[in-house]
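# Notes for the structure review
So the chains spell out like this:
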Amino acid sequence: MTLRNHPILDKRILLLLFLISGFTFAQTTVTLQDQCNCEVLSGTAVNAAGGTSPSGADTGDIYVNTTTGIIYYWDGNSWELTSTDDQNLQAFTFNPATNTLSLRIENGNTVTVNLAALANTGTDDQTALEVPYNNGTSGIGAINVQDAIDQISATASTLSTLTDNGDGTFTYTNEDGVATTFDSKIATVVDNTDGSYTITDDFGTSVTIDTTDTTTTLVDNGNGSFTYTSEDGTVTTFTETLSTLTDNGDGTFTYTNEDGTATIVSNTDDQFDDEVALRTPVDMDEGGVVSPTLETTVQEVIDAIAPITSKAARIFYPPSIAVDASVNGTAFTINLYQQYLNQYGMTLPSSAASTGAPAAIPTYNANQLYYYVTYYDPTVFANLSINASGVMTYDIIAQPMDYNSLINVVFVVK
């Protein structure tokens, strides 16, 4: 169809060519003005239904948008679509394996959207073992949150327990394991051994029942009370009032017995060091003993390590070494810490250990020690100094007279 873009309404020619079943019909020229009372316009001014520009058209006039190819008609007030298609959604599915969202419409195609970029890949629901522990000022040498929890739990206070026995009694067990049972039923029945019984309820009211009198009855009402009917028809009800136990919400319980006496029971426990058990018993002081005594409480651990951590126990002599003083000179050096590590670390070929001894002697790191020279021969050595890593620097000013001399070195644990 050939259209001319002209603001003035004029004639438009519609050329129709049909191909049916292999036959070709001859070209026919149809003049729209001869077929209907309408004019055909074209351009880009009308691009949506409901537009009113250009105006001045007659009802039934046609407007062709030359960009989109959409045809509109003038209904007397505005340009409207010649036809509409209110299609429905047919399917809306999501494939979790491919993260693909699919939408299919009526008489149309299917559109898919790949949502893989929104997948929860890369998240990390960390466990307590994976979360590093920031020691701060707590003094806990933990490497992760789980480690800190374990250390705190090992010395945590064991709370006392209060158990409802389900029979009207409560059992309170303190931190030392001592159990006390509170009985909420204080009504008593006494056999008078003369064929009668005396019943006393919670409030001290007593009645004697003569079982030889067959006209009296005693009925359990099933709700904590008894009804006694005497032979003369007098009815007496004994009500069993149970004791109460109230949680105060502050870590304490208030126990009120049948006569109204209230007692506060605390579930807190300020335990002493000899009451706190270690999760795993450990030997703290006997080292390589074949059958060491394991410490089981915090108090036993403190008692075992106190002698080890005392002032005197922190001072020790490093192993003996030979120092070459055959040549004078300045700024000679000896790594005292490395010499200590070589021998205490059992790395020398001449080292040996007793039967049953551990394979290695425990050693300190260089930054865990202080280094001292308590004596040296001033006729042989001069200008001695030791750095924080245990390296000693010295001068040799003369050779020893008898081929021997002394330097006395002491290590102190920080």
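Data block above holds the structure.
Scope of this entry: the structure provided in the associated data block. All values reported here derive from a predicted model rather than from experimental measurement. (Residues numbered from 1 in each chain as written. Predicted model: local features only at pLDDT ≥ 70, side-chain atom pairs only at ≥ 80, totals over all residues. Heavy atoms only, no water.)

By the definition in use, this model includes 12 aromatic pairs. Measuring from ring centre to ring centre gives 5.8 Å for Phe316 and Tyr340, while their planes differ by 45°; the resulting arrangement is tilted. Here Phe316, found in strand S26 (residues 315-316), pairs with Tyr340, found in helix H4 (residues 336-344); they are 24 residues apart in sequence, far enough to count as distant. Arranged with centres 6.2 Å apart and planes meeting at 25°, the rings of Phe316 and Tyr364 form a pair that is stacked. Taken together, the residues span a long stretch of sequence, with Phe316 in strand S26 and Tyr364 in the loop between H4 and strand S28 (369-376) at a distance of 48 residues. For Phe316, a relative accessible area of 17% gives the class buried. Given the relative accessible area of 34%, Tyr364 is considered partly exposed. Here the aromatic cluster, defined as three or more aromatic residues joined through ring pairs, consists of Phe316, Tyr337, Tyr340, Tyr344, Tyr364, Tyr371 and Phe411. (Phe/Tyr/Trp six-rings, centres within 6.5 Å; stacked < 30°, edge-to-face > 60°. Helix = DSSP H or I, 4+ residues; strand = E, 2+ residues; numbered from the N terminus. Buried < 20%, exposed > 50% of the residue type's maximum accessible area, 1.4 Å probe, protein only.)

To continue, consider the sheet that holds strand S30 (residues 391-396). Here three strands make up an open sheet; going across it, the order is S27-S30-S29 and the pairing antiparallel. Whereas interior strands pair on both sides, the edge strands pair on one side only; in this sheet they are strand S27 (329-335) and strand S29 (381-386). Averaged over all adjacent pairs, the angle separating strand axes in this sheet is 20°, with direction ignored. Examined bridge by bridge, S29 and S30 share four bridges and lie antiparallel to one another. From the neighbouring strand, Ile386 faces S30, where its bridge partner is Met392. (Pairing = 2+ DSSP bridges. Axes fitted to C-alpha atoms, helices over the stretch in contact; angles between N-to-C directions.)

Okay, the environment of Val207 next. With respect to the element layout, Val207 can be found in strand S17 (residues 206-210). In this structure Val207 comes out as buried when scored by relative accessible area, which is 17%. Separated by 10 residues in sequence, Val207 and Tyr197 have C-alpha atoms that sit 8.3 Å apart. Apart from the residues lying within four places of it in its own chain, the contact partners of Val207 are Tyr197, Thr198, Ile199, Tyr228 and Phe238. (Contact = heavy atoms within 4.5 Å.)

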